[in-house]
Amino acid sequence: MATKQRPFHLVVFGASGFTGQFVTEEVAREQMDPEGSSRLAWAVAGRCREKLQRVLERAAEKLGRPTLPTEVGIIICDISNPASLDEMAKQATIVLNCVGPFLELMYWKYHEKAAEKGVYIIGSSGFDSIPADMGVIYTSSKINGTLTAVESFLTINSGPEGLCIHDGTWKSAIYGFGNQNQLKKLREQSNLKPVPIVGTKLKRSLCVSCRWPVSYCRELSSYSIPFMGADVSVVKRTQRYLHENLEQLPVQYAAYVTVGGFASVMKLMFAGLFFLLFVKFGIGRQLLIKFPWLFSFGYFSKQGPTQKQLDGTSFTMTFFGQGYSHSTPTENNKPNIRVCTQVKGPEAGYIATPIAMVQAAMTLLNDASNLPTVGGVFTPGAAFCRTKLIDRLNKRGIEFSVISSSEV
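Note that the coordinates shown come from a computational prediction; the quantities given were computed from them, not determined experimentally. (Residues numbered from 1 in each chain as written. Predicted model: local features only at pLDDT ≥ 70, side-chain atom pairs only at ≥ 80, totals over all residues. Heavy atoms only, no water.)

**Student:** It is not clear to me how the overall build of the protein should be interpreted in this structure. Could you clarify?
**Tutor:** Check the secondary structure of the protein and you find 16 helices and 15 strands. Per-residue burial for the protein yields a buried fraction of 47% across its 408 residues. Contacts in the protein between residues far apart in sequence, at least 24 positions, make up 77% of those at least 6 positions apart. For the protein, the computed accessible surface area is about 21,000 Å², with 54% contributed by carbon and sulfur atoms. (Helix = DSSP H or I, 4+ residues; strand = E, 2+ residues; numbered from the N terminus. Buried < 20%, exposed > 50% of the residue type's maximum accessible area, 1.4 Å probe, protein only. Contact = heavy atoms within 4.5 Å. Areas by Shrake-Rupley, 256 points an atom, 1.4 Å probe, with all protein chains shown as cover.)

Next comes the structure, spelled out in structure tokens:
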């Protein structure tokens with residue numbers, strides 16, 4: 001809670017960045033909720049006071065709240081100045097980090113230190129990967145038996161203005177794929193015991209009709225390709241945590257994104273080939289960063305989406321799960337129950353992500369008794385599996401629902 005030593009409940013770090021300005025608006029919107037608790041002291045943080053002030057002024061105009069800039073604190077700090085980051089963190093109960101992605105390296109470097117200090121570091125708390133991670137947990141809670149495997153299919157729905165993503169997300173993908181070898185070495189050095197496979201091994205057989213690289217999902221009447229984001233890694237880490245710490249049976253998981261018809265498949269395959277080829281080399285990464293619109297076939301740009309594009313875009317994530325009703329799950333016993341759930345929400349990158357981040361922060365503040373008993377570096381599912389985060393998301397427009405459930 002806010003005290004003289006920590007005057008702010010929330011600090012939005014990187015508030016003047018493209019994503020940060022939307023997170024700032026969402027925090028302000030949360031504080032306007034008449035059903036919410038009393039208003040919390042909060043601040044924005046970044047390198048330039050003038051830019052931070054303009055972000056607050058834009059949020060005030062958009063939300064019709066002219067006094068907002070005078071109600072929010074401003075903290076000047078810079079990632080190149082560690083002392084300034086220390087001062088920023090000392091003033092906050094929770095920091096909403098909009099500066100860069102958390103990687104698995106965070107766990108190996110800081111988990112034990114965070115546990116010692118009672119600090120909770122929760123990465124992937126935006127669209128990657130709260131819908132997927134909490135969606136698997138939700139699906140597990142809605143099956144009448146034991147869930148053993150899940151496939152998720154992400155569908156992005158765009159309006160007449162089309163779809164566009166800011167090149168900051170594009171850069172994160174470039175750096176992420178560029179460091180794949182480092183991540184592979186890190187995983188090999190960790191020497192983690194394999195998580196047991198419960199029941200029949202997932203072989204992409206729930207609802208797809210062919211294998212890599214393109215599948216056809218009969219239930220969704222669409223071609224699909226493997227989802228290359230962080231979801232699979234995050235969900236697997238959550239399932240390991242639930243198995244090792246809460247003695248739950250781990251769920252196998254695979255993630256896909258639907259791409260519509262055959263023409264879309266070919267377009268994305270060419271874009272993917274260019275990306276995977278260029279990202280391996282330094283000069284290739286420079287070209288990808290310099291010309292995002294060209295190499296992404298128009299999906300990414302330095303300007304980012306317009307408000308009309310944001311308003312016309314939404315996402316649906318459909319989960320197909322299978323498991324066992326009463327029999328003990330074994331490799332020889334076929335699953336005899338299935339469940340289908342969905343998570344639906346607004347535009348993923350700059351509307352759903354701020355909602356997810358802010359509601360994760362509010363859960364940390366208001367549902368602390370249901371968090372892991374000690375601090376550390378956690379995935380969203382590991383941190384929030386016992387909390388009311390899903391209820392909070394449902395109230396904010398990221399809706400979890402059961403589509404069907406049946407015995408086979």
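Text resumes after the structure shown.
**Student:** What's the story with the nonpolar core in this structure? I'm lost.
**Tutor:** A general tendency of soluble globular proteins is for nonpolar side chains to be buried together. Ranked by size, the top nonpolar core spans 67 residues in total, and within it V12, W42, V44 and F384 carry the most contacts. Among the elements that line this core, the one with the most residues is helix 14 (residues 348-366), at 11 residues. Discounting chain neighbours no more than four positions away, the residues touching F384 are I122, M134, A360, T363, L364, L371 and L389. (Core = buried A, V, L, I, M, F, W, Y, C linked by side-chain atoms within 4.5 Å.)

**Student:** Explanation requested: a nonpolar patch on the surface in the structure shown.
**Tutor:** On the surface, a cluster of nonpolar side chains totalling about 750 Å² of accessible area is made up of L277, F281, I283, L287, F291, W293 and L294. Elements that contribute at least two residues to the nonpolar patch include exactly helix 11 (282-290) and helix 12 (292-295). (Patch = residues over 30% accessible without salt bridge, like charges linked within 9 Å, V, L, I, M, F, W, Y side chains within 5 Å. Salt bridge = Lys/Arg side-chain N within 4 Å of Asp/Glu carboxyl O.)

**Student:** Teacher, can you tell me more about a positive patch on the surface here?
**Tutor:** Together, R47, K51, R54 and R58 make up a positively charged patch on the protein surface. Summarising the element assignment, R58 is placed in helix 2 (residues 49-63). (Lys, Arg positive; Asp, Glu negative; His and termini not counted. Charge placed at Lys NZ, Arg CZ, Asp CG, Glu CD.)

**Student:** What should I look at first to understand the side chain of S222 in this one?
**Tutor:** Within the element layout of this structure, S222 appears in strand 9 (residues 222-226). By relative accessible area, S222 is classed as buried at 7%. Among all residues touching S222, those that are not within four sequence positions of it are S215, Y216, C217, T258, V259 and G260.

**Student:** Sorry if this is basic, but what is going on with the sheet that holds strand 3 (residues 73-76) here?
**Tutor:** In a beta sheet, neighbouring strands pair by backbone hydrogen bonds and run either parallel or antiparallel. Pairing within the open sheet is parallel, and its 4 strands lie in the order 3-2-1-4. Each of the sheet's edge strands pairs with one partner strand only, and the pair in question is strand 3 and strand 4 (92-97). The average undirected angle you get between the axes of adjacent strands in this sheet is 25°. Relative to strand 3, strand 2 (residues 42-46) runs parallel, the two sharing 4 bridges. Considered in strand 3, the bridge of A43 is made with G73. The strands touched by helix 14 within the sheet are strand 1 (8-13) and strand 4, with strand 4 carrying the most contacts at an inclination of about 160°. (Pairing = 2+ DSSP bridges. Axes fitted to C-alpha atoms, helices over the stretch in contact; angles between N-to-C directions.)

**Student:** What should I look at first to understand unusual backbone geometry in this one?
**Tutor:** Cis rather than trans, the peptide bond between D128 and S129 has omega equal to 15°. Residues other than glycine seldom take positive phi values, yet S124 does so here, at roughly 55°. Mapped onto the fold, S124 is located in the loop between strand 5 (120-122) and helix 6 (130-142). You will see that E247, though not glycine, has its phi angle at about 60°, which is positive. Position of E247 relative to the elements: it lies in the loop between helix 9 (231-246) and strand 10 (252-260).

**Student:** Is there a simple way to think about the side chain of T24 in this case?
**Tutor:** Inspection of the secondary structure assignment puts T24 in helix 1 (residues 18-31). A relative accessible area of 0% means that T24 is categorised as buried. Among residues more than four places away in sequence, those in contact with T24 are V12, A15, W42, V44, V55 and L56.

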